[in-house]
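# Summary of structural features
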Amino acid sequence: MASRRFGSEGNLPKNDIGWSKWTYALAIGAPVAIGLGYWYYKKSKSKRGDESLINGKDSLKPKSSLNPTSAKSVTPKASSQTEEALLSRRNFQKNKTDEEVLSKDPYEKAKTCKNIGNKYFKEGKYDKAIECYTEAIKVCPEDRKGDLATFYQNRAASYENLKNFSEVISDCSEAIELNNTYIKALTRRAKAYDTINDLKNALDDITAVCILEGFQNSNSLLITDRILKSKGKEQARKAMQTRTPILPSGHFIKNYFISFCEDPIIKISEKYKEEKKESQNPKELSGFRLGIHNFVDNKFEDVIQNCTQEIERNGQDTAEALLLRGTFHLLQGQTDAAQEDLKRLLEMESVDVKVRVNALIKVGTLKVHAEQMEEALKDFDRAIELDPNNADIYLHRGQVLLLMDRIDDTLRDLEKSAALNPNFPSATAQKCYVQYRCGLRYNDSKQKEEALKGFIEAHEKFPRCSESYFLHAQVLLERQEFEKAEEFFLKAGEIDPTDPNVWVHRGILYLQWKQDVDSALGYLKKAIEMDSKCQFAYETLGSIQVQRGHLQKGLELFDKAIALAQTETELAHLFSLRDAAEAQGRVATRLGIDIGSESNT
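Conventions and cut-offs
Residues numbered from 1 in each chain as written. Predicted model: local features only at pLDDT ≥ 70, side-chain atom pairs only at ≥ 80, totals over all residues. Heavy atoms only, no water. Helix = DSSP H or I, 4+ residues; strand = E, 2+ residues; numbered from the N terminus. Buried < 20%, exposed > 50% of the residue type's maximum accessible area, 1.4 Å probe, protein only. Contact = heavy atoms within 4.5 Å. Areas by Shrake-Rupley, 256 points an atom, 1.4 Å probe, with all protein chains shown as cover. Expected span 1.5 Å × (residues − 1). Lys, Arg positive; Asp, Glu negative; His and termini not counted. Salt bridge = Lys/Arg side-chain N within 4 Å of Asp/Glu carboxyl O. Polar contact = N/O pair within 3.5 Å; in protein donor to acceptor, adjacent residues only side chain to side chain. Disulfide = S-S within 2.5 Å. Phe/Tyr/Trp six-rings, centres within 6.5 Å; stacked < 30°, edge-to-face > 60°. Axes fitted to C-alpha atoms, helices over the stretch in contact; angles between N-to-C directions. Parallel < 35°, antiparallel > 145°, perpendicular 65-115°, else oblique. Left-handed = near helix turned anticlockwise from the far one by under 90°. Nonpolar A, V, L, I, M, F, W, Y, C, P; charged D, E, K, R; others polar.

### So, the overall build of the protein chain
Scanning the protein chain from N- to C-terminus turns up 30 helices and 0 strands. Within the span of the protein chain, comprising 601 residues, buried residues form 56% of the whole. Pairs at least 24 apart in sequence give 63% of the contacts found in the protein chain among residues at least 6 apart. Accessible area for the protein chain stands at about 27,000 Å²; split by element, carbon and sulfur atoms hold 47% of it.

This is the structure:
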């Protein structure tokens, strides 16, 4: 699959330092800068208890459009007979204390109105509750800001039940103006903003809640995660329509093709290399054959145009040209163009089965990028019907199943791939990695030990397979065997000195191991020097800068990663990271937190 190196995302060991909390948030899909919230939580003084009797719910209600007239509209001003009407009701006629209070102290009068409103609220009589809360607001002394905030929040809860979301937002805003750390009002306003699809304001409010709760409330984190994902997907869809296609780095492209052991393009390229110098003059080549020459010489930017020449003249290598061009369209994120090429190939007759199967694998990959998982699996099933002993099918289907969290099925597919082709190093390495993950999930010590033993055997059998050392190093990092993990990362870099991901993961290692930010930054900058298109390096470096309080630097790095993203899924993730950082910057300003000082604490 055209993604980062297998197993390189998340799954990092967790401990009590701020950076680990940040990386853990990335791993579970809730990209929020934990360090900032944690710092604020520890430094802030405890807040006064909430007097409201109406509890906000953590989960969000189904969305509906903002329509104040969809529920019975209630004027915020109570009638002059509100108190008399309330007190004349049979339920309260005997409450002489309330009558006495109403005629005396305004503050006690306000509290009594609130208490009566709470009773109406519990009975589901929201119109009457609103009248009571409105009267409480009217008579309450201005210096009782905490109580006023509660009255506004309670009235907002009543409006919420009437689905009058504009009034919910208005009343919550009044409550927050009186108490800017009022978690219940912030949560309720976030829900209302989310309901009317105002995701930016919803994100700001729920981010403030997370910070005030010290990122300890899982429900708030889940709400934040969902809003970030919704906002990220929305931006990603728009960005894909206008983005300029860009090929990933040469290292990325070569490693993508290495993830296949039966790719027809690789077979043709190997044959061409044998003939290249002796019998063929590149100046005499055209179409697909020239495209293969470009591919072998790493002139990847010329591949598409030469394949196009072959396709337009309907030459003898049209099917292979469609496969190669479709693959390069896939690699540079041109989803529609890639689908069109591969679909055209699959509709052709008399196409070599290996070409057809490879196309089906890549069609499945495109559907994964579109989050059409079940449809993608159908393409893999079709490929298996055509060529049941093709190891590539099972390796790439296994990666899809891993994304679906079907880890047992993933392991079975990777075992099948490795069994069908024992000389396929990627299948063996990935099988060991997933076997270890299964052991973790089921707390199976035997399975974990077998996976570690499998890595050692893989190193002996495939001493020049950097992926084997790389994945083994990640497992060791999770086990907090830091010195051995670094040794294997270095070995992977020695085998493939052009791999920038080695340096990215060494940076993460040093953060986990020694909390050595300077070394980590140095390794990440080294990765970017090696490969200016290393999206993962920009993303990780941006995350660190945000964690250190260098918000603007972090945003600039996220922007660089966004410019390099090839798929809508990657874009959505990166926009979520950026949005989370921006939201925390805005909220920090609102709450009076100096983000810049965090890097020195």
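Read on for the rest.
### Observations regarding helix α22 (residues 425–441)
Compared with the 24 Å implied by 1.5 Å per residue over 17 residues, the 25 Å span of α22 between its first and last C-alpha is a close match. Following α22 by one or two positions, N443 adopts a phi angle in the positive range, close to 50 degrees.

### So, the side chain of E320
Counting through the fold element by element, E320 comes out in helix α16 (residues 318–331). Here E320 sits buried without a salt bridge, and the closest side chain of opposite charge, R289, lies 8.3 Å off (N-O distance).

### A closer look at the side chain of K362
Tracing the chain through its elements places K362 in helix α18 (residues 353–369). What makes K362 buried here is its relative accessible area of 0%. Polar contacts involving the side chain of K362 include one to the side chain of N358, which spans 2.7 Å. Not counting residues up to four positions away in its chain, the partners in contact with K362 are Y256, F257, F260, D263, L323, T327, L330 and L342.

### Considering the pattern of salt bridges
What the rule picks out here adds up to 32 salt bridges. A salt bridge links R479 to E481, with the shortest nitrogen-to-oxygen separation between them at 2.7 Å. The class for E481 is partly exposed, based on a relative accessible area of 31%. Two residues, E494 and K491, come together in a salt bridge whose shortest N-O distance is 3.6 Å. Residue E494 and its partner K491 are located together in helix α25 (residues 482–495), separated by 3 residues, close to a single helical turn.

### Some remarks on the state of the cysteines
Throughout the structure, instances matching the rule amount to 0 disulfides. Free of any disulfide, C113 has its nearest cysteine sulfur in C132, 6.4 Å distant.

### Looking at the environment of A239
Of note, A239 is situated in helix α11 (residues 218–242). For A239, a relative accessible area of 17% gives the class buried. Expressed as a C-alpha distance, the spacing of A239 and E568, which sit 329 residues apart in the sequence, is 8.3 Å.

### Considerations on the packing of aromatic side chains
Applying the stated criterion to the full structure yields 14 aromatic pairs. Judged by centre distance (5.6 Å) and plane angle (85 degrees), the rings of Y256 and F257 are edge-to-face. Across the pair, F257 and Y256 agree in class, each one buried. A ring pair is formed by F257 and F328, whose centres lie 6.3 Å apart and whose planes are at 40 degrees; its orientation type is tilted. Taken together, the residues F257 in helix α12 (residues 250–258) and F328 in helix α16 connect sequence positions 71 residues apart. Look at F257 and you get buried, because its relative accessible area is 2%. An aromatic cluster is defined as three or more aromatic residues linked by ring pairs; in this entry it consists of Y256, F257, F260, F295, F300 and F328.

### Brief notes about unusual backbone geometry
In this model, N197 sits at a positive phi of 65 degrees, which is unusual for a non-glycine residue. Within the secondary structure, N197 is located in the loop between α9 (183–195) and α10 (199–212). Its identity as a non-glycine residue notwithstanding, Q515 has a phi of 50 degrees, on the positive side. For Q515, the location among the structural elements is in the loop between α26 (500–514) and α27 (517–530).

### Quick word on the packing of helix α5 (residues 106–122) against helix α6 (residues 126–139)
Two numbers describe how α5 lies on α6: the axes approach to 8 Å, and their chain directions differ by 165 degrees. One element, α5, and the other, α6, form an angle in the roughly antiparallel class. The way α5 lies across α6 gives a crossing that is left-handed. Between α5 and α6, the residues in contact are P106, K109, A110, C113, K114, I116, G117, N118, Y120 and F121 and Y126, K128, A129, C132, Y133, E135, A136 and V139, respectively. When grouped by side-chain class, the residues that make up the contact of α5 with α6 number 12 nonpolar, 2 polar and 4 charged.

### Notes on helix α28 (residues 535–547)
Helix length check: α28 (13 residues) gives 18 Å between terminal C-alpha atoms against 18 Å at 1.5 Å per residue, within 8%. With 13 of its 13 residues buried, α28 lies for the most part within the structure. One or two residues past the end of α28 sits G549, with phi positive at roughly 95 degrees.

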